[in-house]
Amino acid sequence: MTRGLSTLSHGGPRLPWVSVAVALVSLGLFAVFGGKPEAFIYNRELIESGEFWRLATGHFVHLDQKHLLMNVGALIALGILYETSPHGGALRLLLGCFVVSGGLISAVLFLGDPMTQYYCGLSAILNALYVATMIAMWRETRSRLWLAGLGLLFAKTGYEAVFGPIFSSSLEWPPHLGAHLTGIAAGMLLLVYGLFEKMLSRPGPARRDIRGSTPIP
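Residues numbered from 1 in each chain as written. Predicted model: local features only at pLDDT ≥ 70, side-chain atom pairs only at ≥ 80, totals over all residues. Heavy atoms only, no water.

1. Focus: the pattern of salt bridges
In a structure, side chains of opposite charge can pair up when their charged atoms sit close to one another. Spelled out, the test is: The term salt bridge refers to a side-chain nitrogen of Lys or Arg lying within 4 Å of a carboxyl oxygen of Asp or Glu. Secondary structure follows DSSP: runs of H or I at least 4 residues long count as helices, runs of E at least 2 residues long count as strands, and numbering of each begins at the N terminus. Partly exposed describes any residue whose relative accessible area lies between the buried limit of under 20% and the exposed limit of over 50%, with all areas from a 1.4 Å probe on protein chains only and scaled to the type maximum.
Tallied over the entire structure, the rule returns four salt bridges. Of the charged contacts, one joins glutamate 172 and lysine 36 as a salt bridge, the two residues approaching to 2.7 Å between their closest N and O atoms. You can see glutamate 172 sitting in the loop between α7 (144–163) and α8 (177–201) and its partner lysine 36 sitting in the loop between α1 (17–33) and β1 (42–43), a full 136 residues away along the chain. Glutamate 172 gets classed as exposed once you look at its relative accessible area, which sits at 52%. A salt bridge links lysine 156 to glutamate 160; its shortest N-O distance comes to 3.2 Å. Of the two residues, lysine 156 and glutamate 160 both sit in helix α7, four residues apart, roughly one turn of that helix.

Structural data, given as structure tokens:
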């Protein structure tokens with residue numbers, strides 16, 4: 001049977017509510033506070049002073065309009081694919097891509113890179129979402145196109161590690177390679193979790209009654 005959008009158990013369409021909600025939050029923060037708002041960016045000195053919310057809010061604010069639109073556009077495109085895939089979904093996107101990967105990225109920045117004083121933007125989290133989406137779509141379609149897309153991300157990241165950013169060279173703050181690599185690693189963790197979850201969900205062999213004739217579920 002062919003499938004358009006994945007459906008929920010009651011048969012209705014699975015809507016990409018997490019992607020849309022996060023996009024609206026980022027757009028709203030920019031509309032109200034503008035680029036790199038001092039109250040929300042990752043600011044190491046202020047985090048050390050107790051403003052721990054910046055570890056979370058820094059991911060959802062952006063430097064300027066170009067930075068915002070690049071990230072929100074990618075979020076909508078990838079999020080719709082992932083949330084409507086039977087191998088993805090809203091809960092995995094919310095917990096895996098935003099909670100887990102966002103937490104890992106912030107931890108790497110704060111604990112592993114004391115030289116980075118300022119950071120903002122969704123791009124590192126989007127790397128996790130990109131990996132998760134490419135794998136989810138490959139599992140659904142078995143098309144090598146999605147694996148090629150995954151390879152492009154690895155090639156882009158490798159190129160930027162050597163030669164510098166491709167798409168964001170004009171931004172005031174350069175992309176943070178360590179944060180982007182952490183995002184990719186978080187996406188791979190989502191893949192491992194998905195495979196583990198699939199193994200646990202496989203039904204075991206049916207048990208039979210004493211006479212060995214009637215399967216017992």
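Now that the structure has been shown, the text picks up again.
2. Re the packing of helix α4 (residues 65–83) against helix α6 (residues 123–141)
For the record, the criterion: Lines are fitted to the C-alpha atoms to define the axes, a helix being fitted only along its stretch in contact, and any angle between axes, read from their N-to-C directions, falls within 0 to 180 degrees. Roughly parallel means an angle under 35 degrees; roughly antiparallel means over 145; roughly perpendicular covers 65 to 115; every other angle is labelled oblique. Here a crossing is called left-handed whenever its near helix is offset anticlockwise from the far helix by less than a right angle, and right-handed whenever the offset is clockwise. Here, residues are in contact when the closest pair of their heavy atoms is within 4.5 Å. Residues are grouped as follows: Ala, Val, Leu, Ile, Met, Phe, Trp, Tyr, Cys and Pro are nonpolar; Asp, Glu, Lys and Arg are charged; every other residue, Gly included, is polar.
For the pair α4 and α6, the least separation of the axes is 9 Å and the interaxial angle reads 30°. Relative to α6, α4 is oriented roughly parallel. Every pair of crossing elements has a handedness; the one defined by α4 and α6 is left-handed. Residues Asn71, Ala74, Leu75, Leu78, Gly79, Leu81 and Tyr82 of α4 touch α6, and the partners they reach there are Ser123, Leu126, Leu129, Tyr130, Ala132, Thr133, Met134, Ala136 and Met137. Taken together, the residues that form the contact of α4 with α6 break down as twelve nonpolar, four polar and no charged.

3. Focus on the environment of tryptophan 17
Tracing the backbone through its elements, the reader meets tryptophan 17 in helix α1. Counting along the chain gives 63 residues from tryptophan 17 to isoleucine 80, while the straight-line C-alpha distance between them is 8.8 Å. Those residues within four positions of tryptophan 17 in sequence are excluded, and the remaining contacts are Glu83, Ala90 and Leu94.

4. Looking at the packing of helix α5 (residues 90–112) against α6
Here α5 crosses α6 at 135°, and the two axes come no closer than 9 Å. Overall, the two elements α5 and α6 adopt an arrangement that is oblique. Between α5 and α6 the crossing geometry is right-handed. Here Leu93, Cys97, Phe98, Ser101, Gly102 and Ile105 of α5 lie close against α6, whose contacting residues are Ala124, Ile125, Ala128, Leu129 and Ala132.

5. Describing the environment of lysine 156
Residue lysine 156 is classed as partly exposed on the basis of its relative accessible area, which comes to 23%. Dropping the residues within four chain positions of it, lysine 156 is found in contact with Ile166 and Phe167.

6. Notes on the nonpolar core
In globular proteins that are soluble, nonpolar side chains generally tend to be buried together. The following threshold applies: Buried Ala, Val, Leu, Ile, Met, Phe, Trp, Tyr and Cys residues that are joined via side-chain atoms within 4.5 Å together make up what is termed a nonpolar core.
Counting residues in hydrophobic clusters, the biggest one holds 43 residues, and the most contacted among them are Leu75, Phe98, Leu122 and Leu129. Breaking this core down by element, the ones donating at least two residues are α1, α4, α5, α6, α7 and α8. Here the element with the most residues in this core is α6; it accounts for ten residues. In contact with leucine 122, not counting residues within four places along its chain, are Val22, Ser26, His59, Phe60, His62, Asn71, Leu75 and Phe98.

7. Notes on the packing of aromatic side chains
Condition: Working definition: rings of Phe, Tyr and Trp (its six-membered ring) pair if their centres are within 6.5 Å, and the pair is stacked with planes under 30 degrees apart, edge-to-face with planes over 60 apart, and tilted otherwise. Both a distance and an angle decide whether a charge sits over a ring: NZ of Lys or CZ of Arg must be within 6 Å of the ring centre and within 35 degrees of the ring normal.
Applying the stated criterion to the full structure yields four aromatic pairs. Relative to phenylalanine 163, the ring of tyrosine 159 has its centre 4.8 Å away and its plane inclined at 40°; by these criteria the two rings are tilted. In this pair, tyrosine 159 and phenylalanine 163 both sit in helix α7, four residues apart, roughly one turn of the helix. Note on tyrosine 159: relative accessible area 41%, which makes it partly exposed. In this structure, arginine 142 is placed above the aromatic ring of tryptophan 138, and the distance from its NZ or CZ to the ring centre is 4.2 Å.

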